[in-house]
Amino acid sequence: MTYDNSKIDFDKIVKHWIETSDADFQTMLSLYDSKSYGWSLFLGHISVEKLLKAIYVSKYKKHAPFLHNLYRLAQLSNIEMNDEQSDWLDKVTSFNMNARYDDYKREFYSLCTPDFTKEWIQKIEILRSWIKQML
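To start, this report covers the structure provided alongside it. Bear in mind that the values here come from a model prediction, so they are computed numbers and not experimental data.

Things to note about the pattern of salt bridges
Point 1. Tallied over the full model, the rule gives six salt bridges.
Point 2. Here Glu19 ties to Lys15 by a salt bridge, and the two come within 3.6 Å at their closest N and O atoms. With Glu19 and Lys15 both in helix α1 (residues 10-33), this residue pair falls four residues apart, about one helical turn.
Point 3. With a relative accessible area of 46%, Glu19 lands in the partly exposed category.
Point 4. Between Asp22 and Arg128 there is a salt bridge, with the nearest N and O atoms lying 2.8 Å from each other. Of this pair, Asp22 sits in helix α1 while Arg128 sits in helix α6 (residues 114-132), and the two are 106 residues apart along the sequence.
Point 5. Connected via shared salt-bridge partners are Asp22, Arg128 and Lys132.

Shown next as structure tokens:
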């Protein structure tokens with residue numbers, strides 16, 4: 001089935017991705033403050049994912065792929081990355097799976113100390129700023 005993309009307001013979709021990303025970022029901070037570190041990082045992943053999807057929609061004027069892999073979303077959006085950025089995207093992607101699936105949760109939660117989480121929140125903030133500069 002094909003869709004008539006001419007009737008889709010892609011600017012509205014991009015705006016939606018950005019606004020919900022910003023809200024998720026604030027929720028991430030609230031979860032950190034409430035000491036829910038694993039879920040905080042999970043929301044950090046979601047906030048970055050939504051910005052990458054905003055870039056994809058903005059560039060290609062079509063819906064973003066149903067992916068959670070941040071590095072892959074950046075690749076599909078033709079974003080140039082240095083090694084540090086690609087490594088950070090890979091690490092933040094792991095927060096999605098590790099917070100959600102029982103097999104990984106216990107180990108992940110023990111990793112999510114206040115210091116570890118704070119460090120990654122700062123890196124997520126840097127990633128978000130970098131991505132937003134492209135929007």
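Focus: unusual backbone geometry
Most peptide bonds take the trans configuration, and most residues that are not glycine carry a negative phi.
Point 1. The backbone of Lys35 shows a phi angle near 70°, a positive value even though the residue is not glycine.
Point 2. Mapped onto the elements of the fold, Lys35 is located in the loop between α1 and α2 (37-60).
Point 3. On the basis of relative accessible area, Lys35 is assigned to the exposed category, the value being 61%.

Some details on the nonpolar core
Point 1. Judged by nonpolar contacts, the single largest core of 28 residues is most densely connected at Leu41, Leu52 and Leu89.
Point 2. Listed by contribution, the elements that provide at least two residues to this core are α1, α2, α3 (70-76), α4 (83-100) and α6.
Point 3. Among the elements that make up this core, the one with the highest residue count is α2 (nine residues).
Point 4. Counting eight residues, the second-largest nonpolar core is a separate cluster that includes Val14, Trp17, Ala54 and Tyr56.

Quick word on the side chain of Ser47
Point 1. Checked against the element boundaries, Ser47 lands in helix α2.
Point 2. A residue is classified by how much of its surface remains accessible, and Ser47, at 0% relative accessible area, is buried.
Point 3. If we ignore the near neighbours within four places in the chain, the residues touching Ser47 are Ser21, Asp24, Phe25, Ile124 and Arg128.

Notes on a nonpolar patch on the surface
Point 1. On the surface, a cluster of nonpolar side chains totalling about 300 Å² of accessible area is made up of Met97, Tyr101 and Tyr104.
Point 2. Mapped onto the elements, Tyr104 comes out in helix α5 (residues 102-111).
Point 3. The exposure class assigned to Tyr104 is partly exposed, which follows from its relative accessible area of 39%.

Let's talk about the environment of Thr27
Point 1. As for its position among the elements, Thr27 is in helix α1.
Point 2. Exposure remark for Thr27: the relative accessible area of 35% places this residue in the partly exposed category.
Point 3. Residues Thr27 and Gly44, 17 residues apart in the sequence, show an inter-C-alpha distance of 8.7 Å.

Structural notes on α2
Because an α-helix completes one turn every 3.6 residues, residues spaced three or four positions apart along the sequence face the same direction.
Point 1. In this model α2 runs 35 Å from its N-terminal to its C-terminal C-alpha over 24 residues, within 8% of the 34 Å that 1.5 Å per residue would give.
Point 2. Among the 24 residues in α2, 20 count as buried, and that is most of the element.
Point 3. Following α2 by one or two positions, Lys61 adopts a phi angle in the positive range, close to 50°.

A look at the packing of aromatic side chains
Point 1. Counted under the stated rule, the structure contains eight aromatic pairs.
Point 2. Note on Tyr32 and Tyr37: the rings are 5.3 Å apart at their centroids and 55° apart in plane angle, and the pair reads as tilted.
Point 3. Taking the relative accessible area as the measure of exposure, Tyr37 reaches 14% and is therefore buried.
Point 4. Look at Phe95 and Phe108: their rings are 5.7 Å apart centre to centre, the planes differ by 35°, and that puts the pair in the tilted class. You can see Phe95 sitting in helix α4 and its partner Phe108 sitting in helix α5, a full 13 residues away along the chain.
Point 5. Ring pairs connect the aromatic residues Trp88, Phe95, Phe108, Tyr109, Phe116 and Trp120, which therefore count as one cluster.
Point 6. Taking the ring centre of Trp120 as reference, the NZ or CZ of Lys123 above it sits at 4.3 Å.

Criteria and thresholds
Along every chain, residues carry numbers that run from 1 in the direction the sequence is written. For a predicted model such as this one, the threshold for reporting local features is a pLDDT of at least 70, and the threshold for listing and counting side-chain atom pairs is 80 or more; totals across whole chains, interfaces and linings nevertheless cover every residue. Working from all heavy atoms in the structure, the side-chain values ignore hydrogens and water. Salt bridge, as applied in this entry: a Lys or Arg side-chain nitrogen positioned within 4 Å of an Asp or Glu carboxyl oxygen. Put simply, DSSP marks the helices as runs of H or I at least four residues long and the strands as runs of E at least two long, and each gets a number from the N terminus on. Burial classification: accessible surface area is computed with a 1.4 Å probe over protein chains only, and a residue below 20% of its type maximum counts as buried, one above 50% as exposed, and the rest as partly exposed. Only buried residues count toward a nonpolar core, which is a set of Ala, Val, Leu, Ile, Met, Phe, Trp, Tyr and Cys residues joined through side-chain atoms within 4.5 Å. Residues count as neighbours in contact if any of their non-hydrogen atoms are within 4.5 Å of one another. For patch detection, residues must exceed 30% relative accessible area and be free of salt bridges, and they are connected within 9 Å for like charges or within 5 Å for nonpolar side chains (Val, Leu, Ile, Met, Phe, Trp, Tyr). Surface accessibility in these figures is a Shrake-Rupley result with a 1.4 Å probe; residues are shielded only by whichever protein chains are displayed. The span one expects for a helix is its residue count, reduced by one, times 1.5 Å. Stacked, edge-to-face and tilted are the three classes for Phe, Tyr and Trp ring pairs, Trp counted by its six-membered ring, which pair at centre distances within 6.5 Å; planes under 30 degrees apart are stacked, over 60 edge-to-face, the rest tilted. Ring-over charges, as used throughout, are those where CZ of Arg or NZ of Lys falls within 6 Å of the ring centre and within 35 degrees of the ring normal.

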